[in-house]
Each structure stands twice: as structure tokens, then as C-alpha cells.
Amino acid sequence: TAHRKKLGYLAYSPDLEQDIASRYALLSDLRSALSGQNLYLELQPKVRLSDGKLLGFEALARWKLPNGDQIPPSQFIPLAETSGLIGRLDQTILLQSCQALHVLKAAGIEVPIAFNVSSSELIQPRFFNRMLALIREAGIRPDQLELEITETQAVEDYTRISPNLRKLIALGMKVSIDDFGIGYSSLSHITDLAATTLKIDKSFIDRLGHSQADEQVVEMILRLGECFGFSIIAEGIETEEQRTALASRGCLQGQGYLFARPMPLPQAIEWARAQTA
Ligand code: C2E
Ligand code: CA
Ligand code: CA
Ligand code: CA
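Residues numbered from 1 in each chain as written. Chains lettered and ligands numbered in written order. Predicted model: local features only at pLDDT ≥ 70, side-chain atom pairs only at ≥ 80, totals over all residues. Heavy atoms only, no water.

Under an unreviewed UniProt entry, the name given to the chain is EAL domain-containing protein, and the organism recorded is Marinobacterium rhizophilum.

Listed below in C-alpha cells is the structure:
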């Protein structure tokens, strides 16, 4: 079933009843993970394309079951979204990002950390105040953080989330539209998009050098950045050819396995230190 496809690790379930029971078990596992140590972050560097210099990190959620099995975000993020747990999950990762900022600073590394927020959370009117309280309590300035929101499919969503985003930008927080180019992006909305940064979706980067159409889309997004004052970053850069193709078109920032994979905090610190050594 579609259900089974989405939760691929339940494929052993002999029947639907078992399937539902497993889903409940996994949900209760997710609930307890949210109050324990099994839900944690890894950090992936964002770099300057010209020389690979560290510009910041993105926090990515990781979930380890008590038996040690790792469940990928592609499976637990949708589960958290459909079960109403995504708000708590996002907050857990944001809190850990704030703690990581303190550890990084103590290690002499002062770059912002980007965290991901589900658009269903940003729509909540209370989102802004709750988030502000959380980062103040953690002793973090808004400009040490960057919010990443996936480009939403719905036009109305933008009018509902924009006020929250604008307030954050006014406080110095950067706001990135993640996976830009594959979702909803009408040109009439781009002019008042409440964002500082557009993150070009990996699917376009994958086809650089193979598809002229995709190269033109990338060029168009870079032009949009110039015209409307967005910074542009490319995600999912895996090859030197992709880096060169982007840099030669004027893209300044990137992220991808070519530079570094997401890493636990201690390795991220080592990675950053090796750069300056
Ligand atoms: P995303 O925000 O677009 O994050 C980028 C994903 O691409 C990450 O997958 C990252 O590990 C992977 N990636 C980075 N560079 C490369 C590359 O060069 N090649 C390839 N093949 N992959 C690369 P990950 O960690 O599995 O996360 C998947 C998605 O789950 C994220 O996509 C994001 O939408 C969501 N997610 C992760 N953490 C959170 C969170 O704390 N809150 C929310 N709401 N969503 C999250
Ligand atoms: Ca992201
Ligand atoms: Ca992305
Ligand atoms: Ca993507």
C-alpha cells in the first residue's frame, strides 16, 4: 500500500492491522525520542564556492532507535508532520542548534546555523513569539540563526507566513527558501517574498552539464537574485564540474557532499579547524 511504501521499514508487516500497530509503536517511539537523546542533529557546512571556506552550517535532524537502527528523515519527517509532532521536533532541533552555537563559539568558530521549519508550523500565529522566547532563553542572537523553509505549494500559505518571516528578518535572522525552483514560485510573488536567500534545489544541480534547460533555470534563479536582492546558494553539489558550472555563472555559495556531508558536532568542529590550520 501507499502507506507501506511511505514507511518502508514496516514492510515486514503481515497485514494491515499489524501495519497500523507498527505505526503506533513507531509513533510512540518518536514521542519518547522527542523527550530523550535519540533525536539529535548533524551539521552540514555551507561554503564559499571559490575556495570552500566555511560560511555556516545547516542542522539536519537524525533519529536513532533504542536498538541502534537509524531511521532516515525522509521517513520520520512525514510521520512527524502527519501526527502533529513536527512542531516539537523542529523546536528540539532548534534548541540543539542554539546549544551547538555556544559550543562552536567556545571552539573559536563563529558562523550561523540554519534550521529547518515545516510550513505548517510557520503558519501558526504563535510561532514567532514561541521561537523568540526559545532563542532568548538559550542566549542566542537572531543573527546567529538562519531559518530554512521549503518552498510551499500553496499561494495562500505565503500570505499567512510572510508576517512571521518579515519580523524575523527585521531582527537580523536570515530566511532561506529551500528547494527553490520545484515548488510554487510565481513571478508576481517573488517581488514581495519574505526571504533573504533562495536555495536552488538539488535536482537542477544534478543535471548541470547534461541539460541546457536546467542550466538556464539556474541562470534565471541567479538573475532573480541579482534583480531582487536575494543571496543564492546551491544545494547537493557532488562534483567539481557542478562547482565550476555554478561558480562560472556567478553563484557564490554552495553545500553538498563535494565539500562535506552532515556530521555530528565534534566532527564539524574538527572539519572547521582543519580549514583554518
Ligand atoms: P533539505 O532541507 O533539503 O536538506 C538537504 C538534504 O540533502 C539532507 O538530507 C542532506 O543530508 C542531503 N544532502 C546534502 N548534500 C547532499 C549531496 O551532495 N548529495 C545528496 N545526495 N544529498 C545531499 P536529510 O538529512 O536526509 O534530510 C532530508 C530532508 O528532511 C531535509 O531536506 C528537510 O526537508 C527534512 N529535515 C531534516 N531535518 C529537519 C528538521 O529538523 N525539521 C524539518 N521540518 N525538516 C527536516
Ligand atoms: Ca534545508
Ligand atoms: Ca533543500
Ligand atoms: Ca532538495
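Past the structure itself, the notes keep going.
Peer 1: How do you make sense of the overall build of the chain when you look at a structure like this?
Peer 2: Each helix and strand counted, the chain has 12 helices and 9 strands in total. The buried share of the chain, reckoned over its 277 residues, is 50%. Approximately 13600 Å² of the chain is accessible, and the part contributed by carbon and sulfur atoms is 53%. (Helix = DSSP H or I, 4+ residues; strand = E, 2+ residues; numbered from the N terminus. Buried < 20%, exposed > 50% of the residue type's maximum accessible area, 1.4 Å probe, protein only. Areas by Shrake-Rupley, 256 points an atom, 1.4 Å probe, with all protein chains shown as cover.)

Peer 1: Explain the coordination of the calcium ion (ligand 4) here, please?
Peer 2: Ideal values differ by geometry: the angle at a metal is 109.5 degrees with four tetrahedral donors, but 90 or 180 degrees with six octahedral donors. The coordination sphere of the calcium ion (ligand 4) contains the protein donors Asp179 (OD), Asp201 (OD) and Glu235 (OE), at a distance range of 2.3 to 2.5 Å. Along the chain, the residues donating to the calcium ion (ligand 4) are arranged with the sequence spacing D-x21-D-x33-E. In this structure the calcium ion (ligand 3) is found 3.4 Å away from the calcium ion (ligand 4), and aspartate 179 serves as a bridging donor for the pair. With aspartate 179 in strand 6 (residues 174-180) and aspartate 201 in the loop between strand 7 (197-200) and helix 9 (202-206), this residue pair connects regions lying 22 residues apart in the sequence. According to the relative accessible area criterion, aspartate 201 is buried, its value standing at 8%. (Donors = N, O, S within 2.8 Å, 3.2 Å for Na, K, Ca; no water.)

Peer 1: Would you mind showing me how to read the packing of aromatic side chains here?
Peer 2: Both the distance between ring centres and the angle between the ring planes are used here to describe each pair of aromatic rings. Inspection of the entire model under this criterion finds 1 aromatic pair. Between tryptophan 63 and phenylalanine 76, the ring centres sit 5.8 Å apart and the planes meet at 90°, which makes this aromatic pair edge-to-face. A residue pair is termed long-range when its members are at least 10 positions apart, and tryptophan 63 in strand 2 (residues 54-64) and phenylalanine 76 in helix 3 (residues 73-82) qualify at 13 residues. Judged by its relative accessible area of 1%, tryptophan 63 is buried. (Phe/Tyr/Trp six-rings, centres within 6.5 Å; stacked < 30°, edge-to-face > 60°.)

Peer 1: I tried to follow empty space enclosed by the protein on my own but got confused; where do I start?
Peer 2: The gaps left among the atoms become clear once a water-sized probe is rolled over them. For the coordinates displayed, the defined rule picks out 2 cavities of 30 Å³ or more. If you go around the largest cavity, the residues you meet are Gly87, Asp90, Gln91, Leu94, Phe115, Val117, Glu121, Phe127, Arg130, Met131 and Leu134. Elements represented by at least two residues in the lining of the largest cavity include exactly helix 4 (86-106), strand 4 (113-117) and helix 6 (127-137). Split into classes, the residues belonging to the lining of the largest cavity amount to 6 nonpolar, 2 polar and 3 charged. (1 Å grid on protein atoms, 1.4 Å probe; cavity = no way out; pocket = protein on both sides within 12 Å on 5 of 7 lines; lining within 4 Å. Points joined across faces, edges and corners; volume = space filled by probe spheres on them. Nonpolar A, V, L, I, M, F, W, Y, C, P; charged D, E, K, R; others polar.)

Peer 1: Hey, could you run me through the nonpolar core in this one?
Peer 2: Most often, soluble globular proteins have nonpolar side chains that are buried together. Among the nonpolar cores identified, the biggest contains 83 residues, and Leu39, Trp63, Leu89, Ile135, Leu145, Leu147 and Leu246 are the most heavily contacted of them. Counting residues per element, this core draws most heavily on helix 4, which supplies 8 residues. In contact with leucine 147, not counting residues within four places along its chain, are Phe115, Val117, Leu122, Phe127, Met131, Leu165, Leu168, Met173, Lys174, Val175 and Ser176. (Core = buried A, V, L, I, M, F, W, Y, C linked by side-chain atoms within 4.5 Å. Contact = heavy atoms within 4.5 Å.)

Peer 1: Any chance you could explain the coordination of the calcium ion (ligand 3) here in plain terms?
Peer 2: Those donors, Asp178 (OD), Asp179 (OD), Glu235 (OE) and Glu235 (OE), are the protein atoms that reach the calcium ion (ligand 3), and they lie 2.0 to 3.1 Å from it. The distance between the calcium ion (ligand 3) and the calcium ion (ligand 2) comes to 4.2 Å, with aspartate 178 serving as a donor to both metals. One end of the pair, aspartate 179, is in strand 6; the other, glutamate 235, is in the loop between strand 8 (231-234) and helix 11 (240-248), and 56 residues separate them in sequence. Judged by its relative accessible area of 14%, glutamate 235 falls in the buried class.

Peer 1: Any chance you could explain the side chain of glutamine 44 here in plain terms?
Peer 2: Mapped onto the elements, glutamine 44 comes out in strand 1 (residues 39-48). Taking the relative accessible area as the measure of exposure, glutamine 44 reaches 9% and is therefore buried. A distance of 3.2 Å separates a polar atom in the side chain of glutamine 44 from a polar atom in the side chain of glutamine 255. Separated by 3.0 Å, the side chain of glutamine 44 and the backbone oxygen of alanine 260 make a polar contact. Here glutamine 44 is in contact with Gly56, Phe57, Glu58, Leu60, Gln255, Gly256, Tyr257, Ala260, Arg261 and Pro262, once residues within four sequence places are set aside. (Polar contact = N/O pair within 3.5 Å; in protein donor to acceptor, adjacent residues only side chain to side chain.)

Peer 1: Sorry if this is basic, but what is going on with the pattern of salt bridges here?
Peer 2: Oppositely charged side chains can pair when the atoms bearing their charge come close. Under the counting rule described, the total for this entry stands at 14 salt bridges. As a salt-bridge pair, aspartate 143 and arginine 141 come within 3.0 Å of each other at their nearest N and O atoms. In this structure aspartate 143 comes out as partly exposed when scored by relative accessible area, which is 39%. We note a salt bridge from glutamate 148 to lysine 199, for which the minimum N-O separation is 3.0 Å. Here glutamate 148, found in strand 5 (residues 145-150), pairs with lysine 199, found in strand 7; they are 51 residues apart in sequence, far enough to count as distant. Here glutamate 148 matches lysine 199 in class, with each residue buried. One network of salt bridges, with partners in common, ties together Lys46, Glu58, Glu146, Glu148 and Lys199. (Salt bridge = Lys/Arg side-chain N within 4 Å of Asp/Glu carboxyl O.)

Peer 1: How should I be thinking about the pairing of strand 5 in this particular structure?
Peer 2: Two faces belong to every sheet, and in a regular strand the side chains alternate between them. Counting buried residues in strand 5 gives 5 out of 6 residues, a clear majority hidden from the surface. Where strand 4 meets strand 5, 5 bridges bridge the pair, whose relative direction is parallel. What sits directly across from alanine 114, in strand 5, is glutamate 146. Here strand 5 pairs with strand 6 via 5 bridges, running parallel. Residue pairing across strands places glutamate 148 opposite serine 176, the latter belonging to strand 6. (Pairing = 2+ DSSP bridges.)

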